[in-house]
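Observations on the model geometry
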Amino acid sequence: VQLQAFGGGLVQAGGSLRLSCAAFGRTLSGYTMGWFRQGTGKEREFVAGIRMNGGNTLYADSAKGRFTISRDNAKSTLYLQMNSLEPEDTANYYCSASRTIIWSNLGIPSAYNYWGQGTQVTVSS
């Protein structure tokens, strides 16, 4: 499956953005999905993950209460609603997918088989 993330941009602190990740070639319904981010000079870090049917979600501590991951399998699209953005959220955001990942490995980048190209989010203070 090919993934394409979009929706990033420049926003002031306290603002909101909604990222989308569209899948091409296959439906997303059979994949567990995740959002990761990577700031300049930093390692890629887990942001949020969601089960195939959307019934379970998992968030990094930095995202809890501010970000919401969701999916629309009929549209083969994954979303990340980001509210109350902070300058520390500035990063390139990536979507990821796996058919075989186990829930306890949701935060491990190497556990995913497919990645989108990333979309840049810049939060100004």
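Located above this text is the structure these notes cover.
Nothing here was measured: the structure is a model prediction, and the numbers come from that model.

Glancing now at the overall build of the protein. The helix and strand inventory of the protein stands at 0 helices and 11 strands. For the protein, the N- to C-terminal ordering of α and β elements is β-β-β-β-β-β-β-β-β-β-β. Here the C-alpha radius of gyration of the protein, 13 Å, is about what a compact globule of 125 residues would show, namely 14 Å. Principal axes of the C-alpha set define a box for the protein whose edges measure 40 × 25 × 25 Å. Here the protein, with 125 residues, has 46% of them falling under the buried criterion. Within the protein, contacts between residues at least 6 apart in sequence are counted, and of these 58% link residues at least 24 apart. Taken as a whole, the protein presents about 6,200 Å² of accessible surface, with 46% of it coming from carbon and sulfur. With 11 positive and 7 negative side-chain charges, the protein shows a separation of 11 Å between the mean positions of the two kinds.

What follows deals with the pattern of salt bridges. Evaluation of the coordinates by the stated rule reveals 4 salt bridges. Measuring nitrogen to oxygen at the nearest pair gives 3.2 Å for the salt bridge that ties Asp61 to Lys64. Between Asp89 and Arg66 there is a salt bridge, and its shortest N-O distance comes to 2.7 Å. With a gap of 23 residues between them, Asp89 in the loop between strand E8 (77-82) and strand E9 (91-98) and Arg66 in the loop between strand E6 (57-59) and strand E7 (67-72) connect regions that are remote in the sequence. Taken as a pair, Asp89 and Arg66 share a single burial class, namely buried. Bridged by salt links that share partners, the residues Arg37, Glu45, Arg66 and Asp89 form one connected network.

Moving on: the sheet that holds E8. Taken together, the 4 strands give an open sheet; going across it, the order is E1-E3-E8-E7, and neighbouring strands pair in antiparallel fashion. Each having just a single partner strand, strand E1 (2-6) and E7 make up the two edges of the open sheet. Averaged over all pairs of adjacent strands, the angle between their axes in this sheet comes to 15°, without regard to strand direction. Sheet topology note: the strand E3 (residues 17-24)/E8 ladder contains 6 bridges and is antiparallel. Within E8, the position partnered with Cys21 by the bridge is Leu78.

Applying the stated rule across the entire model yields 5 aromatic pairs. Seen from their ring centres, Tyr31 and Tyr114 are 5.9 Å apart, and the 80° between their planes marks the pair as edge-to-face. Of this pair, Tyr31 sits in the loop between E3 and strand E4 (32-38) while Tyr114 is found in strand E10 (residues 114-115), placing the two residues 83 residues apart along the sequence. According to the relative accessible area criterion, Tyr114 is partly exposed, its value standing at 29%. Pairwise contacts between aromatic rings join Phe36, Phe46, Tyr112 and Trp115 into one cluster.

Attention shifts here to the side chain of Arg71. Along the polypeptide, Arg71 turns up in strand E7. The side chain of Arg71 is buried and forms no salt bridge, while Asp72, the nearest opposite charge, is found at 8.4 Å. A polar side-chain atom of Arg71 sits 2.6 Å from the main-chain carbonyl oxygen of Leu28. Within polar-contact distance, the side chain of Arg71 engages the backbone oxygen of Met52 at 3.3 Å. Those residues in contact with Arg71 that lie beyond four places of it in its chain are Leu28, Ser29, Tyr31, Thr32, Met33, Ile50, Arg51, Met52, Gly54, Thr77, Leu78 and Tyr79.

Conventions we followed
- Residues numbered from 1 in each chain as written.
- Predicted model: local features only at pLDDT ≥ 70, side-chain atom pairs only at ≥ 80, totals over all residues.
- Heavy atoms only, no water.
- Helix = DSSP H or I, 4+ residues; strand = E, 2+ residues; numbered from the N terminus.
- Rg over C-alpha atoms; globule rule 2.2 N^0.38 Å.
- Buried < 20%, exposed > 50% of the residue type's maximum accessible area, 1.4 Å probe, protein only.
- Contact = heavy atoms within 4.5 Å.
- Areas by Shrake-Rupley, 256 points an atom, 1.4 Å probe, with all protein chains shown as cover.
- Lys, Arg positive; Asp, Glu negative; His and termini not counted.
- Charge placed at Lys NZ, Arg CZ, Asp CG, Glu CD.
- Salt bridge = Lys/Arg side-chain N within 4 Å of Asp/Glu carboxyl O.
- Pairing = 2+ DSSP bridges.
- Axes fitted to C-alpha atoms, helices over the stretch in contact; angles between N-to-C directions.
- Phe/Tyr/Trp six-rings, centres within 6.5 Å; stacked < 30°, edge-to-face > 60°.
- Polar contact = N/O pair within 3.5 Å; in protein donor to acceptor, adjacent residues only side chain to side chain.

Such coordinate-based values are descriptive only and should not be taken to indicate function.
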